Amino acid sequence: FSQRFGLAYTCQRCDTRNAISVSRIAWNSGVVIATCRGCSFKHLLADQGGVLDASNDTGFTNIVQMIEAQGDVVTKLDSTDDEA
C-alpha cells in the first residue's frame, strides 16, 4: 500500500469539489481536517481517537462511515483499498 491516498469531496456549504492527499496513518490512527478551496471551511473527515469529538455524538470515526450509514454511496477509486 502507498503511504497516502487521494480523497475527493464536495463541500456542503459552497458546493466546491475538493481533492486532497491523506496520510494513511492520520486516517487510521489520528485526525484528518481538510480546508475547502471555495469557502475556507474546515471539514473534519476523520477523528479516530475522538480528539475533536470526545463525546462521539455521531458514533462515527470518519466521514466515509457516516455517509454510508446515511444510505449514500461512497465511490472508492481503488476498489481493492478497504482501508480508505
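All figures in this text were calculated on a predicted structure; none of them were measured in a lab.

Each value, and the rule that gives it
- Residues numbered from 1 in each chain as written.
- Predicted model: local features only at pLDDT ≥ 70, side-chain atom pairs only at ≥ 80, totals over all residues.
- Heavy atoms only, no water.
- Core = buried A, V, L, I, M, F, W, Y, C linked by side-chain atoms within 4.5 Å.
- Buried < 20%, exposed > 50% of the residue type's maximum accessible area, 1.4 Å probe, protein only.
- Helix = DSSP H or I, 4+ residues; strand = E, 2+ residues; numbered from the N terminus.
- Contact = heavy atoms within 4.5 Å.
- pLDDT = per-residue confidence, 0-100.
- Phe/Tyr/Trp six-rings, centres within 6.5 Å; stacked < 30°, edge-to-face > 60°.
- Pairing = 2+ DSSP bridges.

Enquirer: Give a detailed account of the nonpolar core, specifying residues and quantitative values.
Expert: Formed by Phe5, Leu7, Tyr9, Cys11, Val22, Trp27, Val32, Ala34, Cys36, Leu45, Ala46 and Val64, the largest nonpolar core amounts to 12 residues. Breaking this core down by element, the ones donating at least two residues are β1 (4–10), β3 (31–35) and β4 (42–47). With three residues, β1 is the single largest residue contributor to this core. When residues no more than four places from it in sequence are discounted, the contact partners of Cys11 are Thr16, Asn18, Cys36, Cys39 and His43.

Enquirer: Tell me what's going on with the confidence of the model for the protein chain, and back it up with residues and numbers.
Expert: For the protein chain, the average pLDDT comes to 84, and 83% of its residues sit at 70 or higher. Per-element averaging of pLDDT across the protein chain places helix α2 (residues 63–69) at the bottom with 85 and strand β2 (residues 17–23) at the top with 95.

Enquirer: Summarise the packing of aromatic side chains; cite the residues concerned and give the values.
Expert: Here the structure, examined in full by the defined rule, presents one aromatic pair. Ring plane angle 90 degrees and centroid distance 5.6 Å describe the contact between Phe5 and Trp27, whose orientation is recorded as edge-to-face. Separated by 22 residues along the polypeptide, Phe5 in strand β1 and Trp27 in helix α1 (residues 24–29) bring together distant segments of the chain. Grouping residues by exposure puts Phe5 and Trp27 together as buried.

Enquirer: Any details on the pairing of β4? Residues and values, ideally.
Expert: Moving residue by residue along a regular strand, the side chains alternate between the two faces of the sheet. For β3 and β4, the ladder comprises five bridges, and the chain directions are antiparallel. Along β4, the bridge assignment pairs Thr35 with Lys42. Between β3 and β4, which follow one another and run antiparallel, lie six residues, and Ser40 among them has a positive phi close to 65 degrees.

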